[in-house]
Amino acid sequence: MSHFNKAEEDDWMTVYLKYLLFVFNFFFWVGGAAVMAVGIWTLVQKSDYLDILASSTFAVSAYILIFAGGLVMITGFLGFCAIIREQRSCLSAYFSMLLLIFLIELVAGVLAYVYYQRLSEELKQHLTQTLTENYALPGKTHITHSVDRLQQDFKCCGSNSSADWQHSIYILSVESSGRVVPDSCCKTVTFKCGKRDHPSNIYKVEGGCITKLEGFLADHLLIMGAVGIGVACLQLLGAVLTAYFIYILYKEEEEDAYSVM
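Definitions and cut-offs
For every chain, the first residue of the written sequence is number 1, and numbering continues from 1 onward in sequence order. Totals for whole chains, interfaces and linings use all residues, but because this is a predicted model, local features are given only for residues with pLDDT of at least 70 and pairs of side-chain atoms are given and counted only at 80 or more. As a rule here, side-chain values come from all non-hydrogen atoms in the structure, and water together with hydrogens is ignored. The numbering of helices and of strands both runs from the N terminus, where a helix is a DSSP run of H or I of at least 4 residues and a strand a run of E of at least 2. Three exposure classes are used, based on accessible area relative to the maximum for each residue type with a 1.4 Å probe and protein chains only: buried under 20%, partly exposed in between, and exposed over 50%. By the convention used here, residues are in contact when the closest approach between their heavy atoms is within 4.5 Å. The protein chains shown are the only cover counted for residues, whose accessible areas, like all others here, come from Shrake-Rupley with a 1.4 Å probe. A pair of aromatic rings is counted whenever rings of Phe, Tyr or Trp (Trp by its six-membered ring) have centres within 6.5 Å, and the orientation is called stacked for planes under 30 degrees apart, edge-to-face for over 60 and tilted otherwise. Take the number of residues in a helix, subtract one, and multiply by 1.5 Å to get its expected span. The nonpolar core is taken to be a set of buried Ala, Val, Leu, Ile, Met, Phe, Trp, Tyr and Cys residues, with the residues joined through side-chain atoms within 4.5 Å. Here a polar contact is taken to be a pair of N or O atoms separated by no more than 3.5 Å, where protein atoms must pair a possible hydrogen donor with a possible acceptor and residues adjacent in sequence count only if both atoms sit in side chains. The arc in question is formed by the directions pointing from the helix axis toward the C-beta atoms. Here, a disulfide means two cysteine sulfur atoms that sit within 2.5 Å of each other. Salt bridges are defined by distance alone: a side-chain nitrogen of Lys or Arg within 4 Å of a carboxyl oxygen of Asp or Glu.

J.: Explanation requested: the overall build of the protein chain in the structure shown.
T.: Looking only at helices and strands, the protein chain has 7 helices and 0 strands in total. The linear arrangement of helices and strands in the protein chain, starting from the amino end, is α-α-α-α-α-α-α. Relative to its full complement of 261 residues, the protein chain shows a buried share of 43%. Restricting the contact set of the protein chain to residue pairs at least 6 apart, pairs at least 24 apart contribute 75%. Element-wise, carbon and sulfur atoms account for 65% of the exposed surface of the protein chain, whose accessible area totals about 13600 Å².

Quick look at the structure:
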């Protein structure tokens, strides 16, 4: 009788854990879609600013999230199959994939956090140099477009202030046609509107474009880090549940083998 009750209890535990894993796997799959969406959203939102960032860490973090998100969605589908079939080999593969994705997303989250810590210093060192040494020069069209987009999107002018443009190679050259700032500094962009730097004509923002861009990137990095680490923790929980499910199946196989003997 006690053996029968023990077997009944084990069957109940197996069914309960199986449905729990189904629920987890559903949220796991949704989390993977969310991770991929955040990575894509980040790249799309800041793609025009990539050329004025000195480090590729920001982009790498986003690409890792996209890769991990896609891997999560594939693994989630395989997880449903493994849970239905209740095969230890399939579940072991699923468990290994969970741990791998956990490490990948944890790395992405940590990269985002590390880059967040040195974001301000990098922008201060690199943005002013980009504006003064690369803007509107031959072969630097991509940088010129990025700077113009930056100033128009954030309604700012210069890295710290519009005075930064006084040291620009472009502004000091004859190609500027007498402009004191690029036309993208103007509130209403018209041809050669940059000849006049009065506050009524151009953007005069305290802290310049550095402050605006830093806030924008910091918000994205925090979201990337939070989503990456949050989903990674969810996957760790799933790995624990899967490992326990594998253990239960192993014990059942042992008991079945013993009862046959």
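J.: What is the right way to look at the packing of aromatic side chains in this model?
T.: The description of two aromatic rings rests on the distance between their centres and on the angle between their planes. Per the stated rule, a full pass over the model turns up 7 aromatic pairs. Relative to Trp-165, the ring of Tyr-135 has its centre 5.0 Å away and its plane inclined at 70°; by these criteria the two rings are edge-to-face. Separated by 30 residues along the polypeptide, Tyr-135 in the loop between helix 4 (119-133) and helix 5 (141-153) and Trp-165 in the loop between helix 5 and helix 6 (169-172) bring together distant segments of the chain. Residues Tyr-135 and Trp-165 agree in their burial class; the two are buried. When the centroid spacing of 6.3 Å and the interplanar angle of 20° are considered together, the rings of Tyr-244 and Tyr-247 count as stacked.

J.: Just checking my understanding: could you explain helix 4 for this structure?
T.: In an α-helix, one full turn covers 3.6 residues, which means residues spaced three or four apart are oriented alike. For helix 4, which comprises 15 residues, the first-to-last C-alpha distance of 21 Å matches the rise-based estimate of 21 Å (1.5 Å per residue) to within 8%. The set of residues buried in helix 4 consists of Leu-119, Glu-122, Leu-123, Leu-127, Thr-130, Leu-131 and Thr-132.

J.: Can you help me understand the nonpolar core in this one?
T.: One broad rule of soluble globular proteins: the nonpolar side chains tend to lie buried together. In terms of nonpolar packing, the biggest core is built from 60 residues, with Ile-52, Leu-150, Trp-165 and Leu-213 touching the most fellow members. Among the secondary structure elements, those contributing two or more residues to this core are helix 1 (2-46), helix 2 (57-85), helix 3 (88-117), helix 4, helix 5, helix 6 and helix 7 (208-260). When residues in this core are grouped by element, the largest group, 15 residues, is from helix 7.

J.: What's the story with the side chain of Ser-184 in this structure? I'm lost.
T.: Among the secondary structure elements, Ser-184 is positioned in the loop between helix 6 and helix 7. A polar side-chain atom of Ser-184 sits 2.7 Å from a polar atom in the side chain of Asp-148. Beyond its immediate stretch of four places on either side in the chain, Ser-184 contacts Tyr-135, Asp-148, Gln-151, Gln-152 and Val-189.

J.: Sorry, what's going on with unusual backbone geometry here?
T.: The phi torsion at Ala-136 lies on the positive side, around 60°, for a residue other than glycine. With respect to the helices, strands and loops of the structure, Ala-136 is situated in the loop between helix 4 and helix 5.

J.: Help me out: how do you make sense of helix 5 in this one?
T.: Over its 13 residues, helix 5 extends 18 Å from the first C-alpha to the last, a length consistent with the 18 Å expected when each residue adds 1.5 Å. Along helix 5, the residues classified as buried are Ile-143, Thr-144, Ser-146, Val-147, Leu-150 and Gln-151. Across the axial projection of helix 5, the buried residues extend over an arc of 165°, all falling on one side. Count one or two residues on from helix 5 and you reach Lys-155, which has phi positive near 55°.

J.: Quick question: what am I supposed to make of the state of the cysteines here?
T.: Summed over all chains, the structure comprises 3 disulfides. In this model Cys-156 forms its disulfide with Cys-209; the gap between the sulfur atoms is 2.0 Å. Judged by the sign of its S-S torsion, about 105°, the cystine formed by Cys-156 and Cys-209 is right-handed. With a gap of 53 residues between them, Cys-156 in the loop between helix 5 and helix 6 and Cys-209 in helix 7 connect regions that are remote in the sequence. On the basis of relative accessible area, Cys-209 is assigned to the buried category, the value being 1%. Across the protein chain, the disulfide pattern expressed with sequentially numbered bonded cysteines is 1-6, 2-3, 4-5. Of all cysteine sulfurs in the structure, the one in Cys-90 sits closest to Cys-81, which takes part in no disulfide; the separation is 8.4 Å. Among the residues examined, Cys-81 registers a relative accessible area of 33% and is labelled partly exposed. For Cys-90, a relative accessible area of 24% corresponds to the partly exposed category.

J.: What is the right way to look at the pattern of salt bridges in this model?
T.: For side chains of opposite charge, pairing can occur when their charged atoms come near one another. Following the criterion strictly, the structure yields 2 salt bridges and no others. Asp-153 serves as the salt-bridge partner of Arg-149, at 2.5 Å between the closest nitrogen and oxygen. Of this pair, Arg-149 and Asp-153 both sit in helix 5, 4 residues apart, which is roughly one turn of that helix. By relative accessible area, which is 35% here, Arg-149 ends up partly exposed. Here Arg-179 and Asp-183 are joined by a salt bridge, their closest N and O atoms 2.9 Å apart.

Spatial relationships are all this shows, so hold off on functional conclusions.
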